[in-house]
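So the chains spell out like this:
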Amino acid sequence: MDNNISKLSLFNPSKLRTLLSLGFKGYLADQGWFKARETKSAVDQNGEAIPWVTYAFIDFIKDRITKQHDIFEFGCGNSTIFYAKNANSVTAVEHDKAWYERNAAIKIPNVEMIYCELVRGGAYSKSAVTTNKKFNIIIVDGRDRVNCCRESVLSLTEDGVIVLDNSERPDYAEAFTFFKAKGFKHLPFTGMSPGVTTSNCTSVFYKSNNCLGI
């Protein structure tokens, strides 16, 4: 009986009208969630490229990236295009050869693409270090994320921050322990991501006098 009542309540005309209206107005429509869902890509309401991270983090970071920032990214895609618009440079590493070639073909002037095969704890996680450069922002949104977090600390500027996407996953708990031991603070951004129905978390790990003004 309870299940039948639940099903009937779902088809309440008022609820149905509300659900249908979400595609035309409100937060999800404003963010472009339905367009991202339909196209299976990370885009905003105008079809422009955005990262596949939480909308809360996008709102936070979009006006904080400047031409003084050099960014390293584990994993490439629409996020690379988004970050490159306002940063001085973006260096992105990718383990999937076909995806790497597709994104490298875009040829954005201030973007350097690196292809590296994935071996856990191997060269992929050390990609930022092997550039022999320092980065203001390092974004961990690819594979082997805990090892990428550990290795990337070596490539941060003094005011640098590390961003870990999907940080709610139990598999990444070791990264929190590591960052805490290194003196980093944690700022979580929880909520929905482009086209995704579940709640996710994008975390920023930072210290005082960081480049994002936290």
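Attention in this report is confined to the structure presented alongside it. (Residues numbered from 1 in each chain as written. Predicted model: local features only at pLDDT ≥ 70, side-chain atom pairs only at ≥ 80, totals over all residues. Heavy atoms only, no water.)

## So, the overall build of the protein chain
Basically, it comes down to this: Strands are runs of DSSP state E lasting at least 2 residues, helices are runs of H or I lasting at least 4, and numbering of each runs from the N terminus. Categorising residues by exposure relies on relative accessible area from a 1.4 Å probe, with only protein chains included: less than 20% of the type maximum marks a residue as buried, more than 50% marks it as exposed, and the intermediate range marks it as partly exposed. Here, residues are in contact when the closest pair of their heavy atoms is within 4.5 Å. The method behind every accessible area is Shrake-Rupley, applied with a 1.4 Å probe, and residues are considered shielded solely by the protein chains displayed.
When helices and strands are tallied, the protein chain shows ten helices and seven strands. Residues counted as buried form 44% of the 214 residues belonging to the protein chain. Within the protein chain, counting contacts between residues at least 6 apart in sequence, those at least 24 apart form 52% of the total. When the accessible surface of the protein chain is summed, it comes to about 11,600 Å², and 53% of that surface belongs to carbon and sulfur atoms.

## Considerations on the nonpolar core
What counts, and what does not: Definition of nonpolar core: a set of buried residues of the types Ala, Val, Leu, Ile, Met, Phe, Trp, Tyr and Cys, connected through side-chain atoms within 4.5 Å.
One finds Phe57, Ile71, Tyr83, Ile137 and Val204 to be the most contacted residues of the largest nonpolar core, which totals 31 residues. Those elements that place two or more of their residues in this core are α5 (55–61), α6 (78–84), β2 (89–94), β3 (111–115), β4 (135–140), β5 (156–165) and β7 (200–206). No other element matches the five residues that α5 contributes to this core. Counting 21 residues, the second largest nonpolar core, distinct from the first, contains Phe72, Tyr124, Leu164 and Ala175.

## A look at the packing of aromatic side chains
Any pair of aromatic rings gets described here by the distance separating the centres and the angle formed by the planes. Which entries qualify depends on this criterion: Stacked, tilted and edge-to-face pairs are distinguished by plane angle, under 30 degrees for stacked and over 60 for edge-to-face with tilted covering the rest, among Phe, Tyr and Trp rings (Trp via its six-membered ring) whose centres lie within 6.5 Å.
Going through the model one piece at a time under the given rule, you end up with 14 aromatic pairs. Ring geometry for Trp33 against Phe34: centres 4.9 Å apart, planes inclined by 85°, an arrangement best described as edge-to-face. With a relative accessible area of 9%, Trp33 lands in the buried category. Centroid distance Phe82 to Tyr83: 5.4 Å. Interplanar angle 75°. Geometry classified as edge-to-face. An identical accessibility class is assigned to Phe82 and Tyr83; each is buried. Here a set of aromatic residues connected by ring pairs shows up, and it is made of Phe176, Phe178, Phe179, Phe184 and Phe205.

## Structural notes on the pairing of β2
Our working rule: One bridge is not enough; two strands pair if DSSP finds at least two bridges between them. When the strands point away from the viewer, a crossover counts as right-handed if the route from the first strand across the helix to the second turns clockwise.
Most of β2 sits inside the fold, with six of its six residues counted as buried. Neither face of β2 is open: one carries Ser89, Thr91 and Val93, the other Val90, Ala92 and Glu94, and all of them are buried. In this structure, β2 lies alongside β3, joined through five bridges in parallel fashion. Within β3, the position partnered with Glu94 by the bridge is Tyr115. Read as a crossover between parallel neighbours, the route from β2 over helix α7 (residues 97–104) to β3 is right-handed.

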